[in-house]
Amino acid sequence: GAYPGQHRPGPRAVALLLTAATLGGIFASNLLTLAVAWGLLDLTFVVALLVRGGSEVGRRAALAIVVNTASTVCVWIAALLIENQQGSLYWHLFNAPENARAWLMAAAVLRVGLYPFHQWLPVELGKEPDRAVIIFIVPTVAGLALWVRMSIAQALPEESIVPLLAVLSLVIGSLLAWRSS
């Protein structure tokens with residue numbers, strides 16, 4: 001890592017890029033900007049795993065890359081569906097059809113890591129918690145920001161399985177944590 005007094009700017013640069021990409025997604029005024037910001041976030045995430053994990057980047061890290069990229073693809077699909085129906089991609093004019101809302105919800109769920117999609121978290125980085133915390137938090141914040149945007153725009157799907165998945169994630173996660181303690 002890059003600690004005070006050391007000359008290793010790589011980890012700091014990656015952390016700044018992760019933060020910038022996340023902020024770009026949070027403050028995106030439309031879905032295209034969000035998709036581009038998430039694409040940059042995915043690329044930076046790959047670099048962060050390689051810089052932070054080195055040779056220990058394992059199967060879960062590869063799964064993390066696939067799941068996060070899939071969430072970005074979901075945003076692109078939603079944008080294309082809205083555009084094909086002559087809808088607005090801007091949040092303040094947002095009136096997405098139900099199928100586009102479902103794709104956006106899938107993107108948020110994949111990015112947040114609700115059960116069973118939490119399996120992508122690369123546990124190999126647990127040995128360096130101070131360096132790995134940004135890798136665990138940034139995708140979740142990006143997904144929660146999309147969730148909040150959809151809520152504000154009143155664009156959450158009407159009949160969604162997401163609340164059930166959230167409760168299931170909470171219960172199963174709690175049971176697993178209780179069992180391991």
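For the structure, see preceding data.
Below is a short write-up of the structure. On a predicted model such as this, the values are computed, not experimentally measured, just so you know.

As a further point, take unusual backbone geometry. Trans peptide bonds make up the majority, and among non-glycine residues the majority have a negative phi. The backbone of Gln86 sits at a positive phi, close to 55°, despite the residue not being glycine. Here Gln86 lies in the loop between helix H3 (59-84) and helix H4 (98-112). Among the residues examined, Gln86 registers a relative accessible area of 69% and is labelled exposed.

Let us look at the pattern of salt bridges. Summed over all chains, the structure comprises one salt bridge. In this structure, Asp42 and Arg111 form a salt bridge, with 3.0 Å as the shortest nitrogen-oxygen distance. On the criterion of sequence distance, the pair formed by Asp42 in helix H2 (residues 31-53) and Arg111 in helix H4 is long-range, its members being 69 residues apart. On the basis of relative accessible area, Asp42 is assigned to the buried category, the value being 9%. Residue classification places Arg111 among the buried positions, given a relative accessible area of 1%.

Here we take up the environment of Ala96. With respect to the element layout, Ala96 can be found in the loop between H3 and H4. Exposure remark for Ala96: the relative accessible area of 5% places this residue in the buried category. For the pair Ala96 and Leu156, spaced 60 residues apart in sequence, the C-alpha to C-alpha distance is 9.8 Å. Beyond its immediate chain neighbours, meaning those up to four positions away, Ala96 contacts Ile82 and Arg101.

Cut-off values and rules
- Residues numbered from 1 in each chain as written.
- Predicted model: local features only at pLDDT ≥ 70, side-chain atom pairs only at ≥ 80, totals over all residues.
- Heavy atoms only, no water.
- Helix = DSSP H or I, 4+ residues; strand = E, 2+ residues; numbered from the N terminus.
- Buried < 20%, exposed > 50% of the residue type's maximum accessible area, 1.4 Å probe, protein only.
- Salt bridge = Lys/Arg side-chain N within 4 Å of Asp/Glu carboxyl O.
- Contact = heavy atoms within 4.5 Å.

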